[in-house]
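A closer look at the structure
Chain by chain, the residues run as shown.
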Amino acid sequence: MKVKDLIKQSYEDLLDLKVTWENVAIIGIAVVVLSAITTPIIGIPVGLLGGAYYIKNEERKDND
């Protein structure tokens, strides 16, 4: 999978994400941790995409 395809898939996952307290908490933690490691300019978008990617992968594993 190319990086461009991975980013596109993560963005689509973020748009399709259900808003629940658990999902908000996971994405919030991902944003805070990645913003602490990198600059907030990079950490916030990467945290959003990474959190959505993680949540969607967990949902896909549960459905299989």
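We now turn to the structure provided with this report.

Reading the values: rules and limits
- Residues numbered from 1 in each chain as written.
- Predicted model: local features only at pLDDT ≥ 70, side-chain atom pairs only at ≥ 80, totals over all residues.
- Heavy atoms only, no water.
- Helix = DSSP H or I, 4+ residues; strand = E, 2+ residues; numbered from the N terminus.
- Rg over C-alpha atoms; globule rule 2.2 N^0.38 Å.
- Buried < 20%, exposed > 50% of the residue type's maximum accessible area, 1.4 Å probe, protein only.
- Areas by Shrake-Rupley, 256 points an atom, 1.4 Å probe, with all protein chains shown as cover.
- Lys, Arg positive; Asp, Glu negative; His and termini not counted.
- Charge placed at Lys NZ, Arg CZ, Asp CG, Glu CD.
- Axes fitted to C-alpha atoms, helices over the stretch in contact; angles between N-to-C directions.
- Left-handed = near helix turned anticlockwise from the far one by under 90°.
- Contact = heavy atoms within 4.5 Å.
- Nonpolar A, V, L, I, M, F, W, Y, C, P; charged D, E, K, R; others polar.
- Salt bridge = Lys/Arg side-chain N within 4 Å of Asp/Glu carboxyl O.

Across its full length, the protein holds three helices and zero strands. Going from the N terminus to the C terminus, the protein shows its helices and strands as α-α-α. Rg of the C-alpha trace for the protein: 12 Å, near the compact-globule value of 11 Å for 64 residues, within the 12% margin. Across its three principal directions, the C-alpha atoms of the protein cover 35 × 30 × 15 Å. Looking at the protein residue by residue over its 64 residues, the buried ones come to 22%. Working note: accessible area of the protein is about 4900 Å², and carbon and sulfur atoms make up 67% of it. Each charge sign in the protein was given a centre, from 7 positive and 9 negative side chains, and these centres are 7 Å apart.

With that out of the way, let us pick up the packing of helix H2 (residues 21-37) against helix H3 (residues 40-63). Relative to each other, H2 and H3 sit at 145°, their axes nearing to 7 Å. You can see that H2 and H3 cross each other, and the crossing is right-handed. Every residue of H3 that contacts H2 at Asn23, Ile26, Ile27, Ala30, Val31, Leu34 and Ser35 is listed here: Pro40, Gly43, Ile44, Val46, Gly47, Leu48, Gly51, Ala52, Tyr54 and Ile55. Grouping the amino acids of the contact of H2 with H3 by side-chain chemistry returns 12 nonpolar, five polar and no charged.

Turning next to the pattern of salt bridges. Summed over the entire model, instances satisfying the criterion amount to two salt bridges. The residue Arg60 makes a salt bridge to Asp13 at a minimum N-O spacing of 3.0 Å. Within this pair, whereas Arg60 is found in helix H3, its partner Asp13 is found in helix H1 (residues 3-15), the two being separated by 47 residues in sequence. Among the residues examined, Arg60 registers a relative accessible area of 35% and is labelled partly exposed. Taking relative accessible area as the criterion, Asp13 reaches 3% and is therefore assigned buried.

Take Asn23: it is sitting in helix H2. When neighbours within four sequence positions are excluded, Asn23 is seen to be in contact with Leu17, Lys18 and Ile55.

In this structure, Lys56 sits in helix H3. With sequence-adjacent residues up to four places away left out, Lys56 is seen in contact with Asp13, Asp16 and Leu17.

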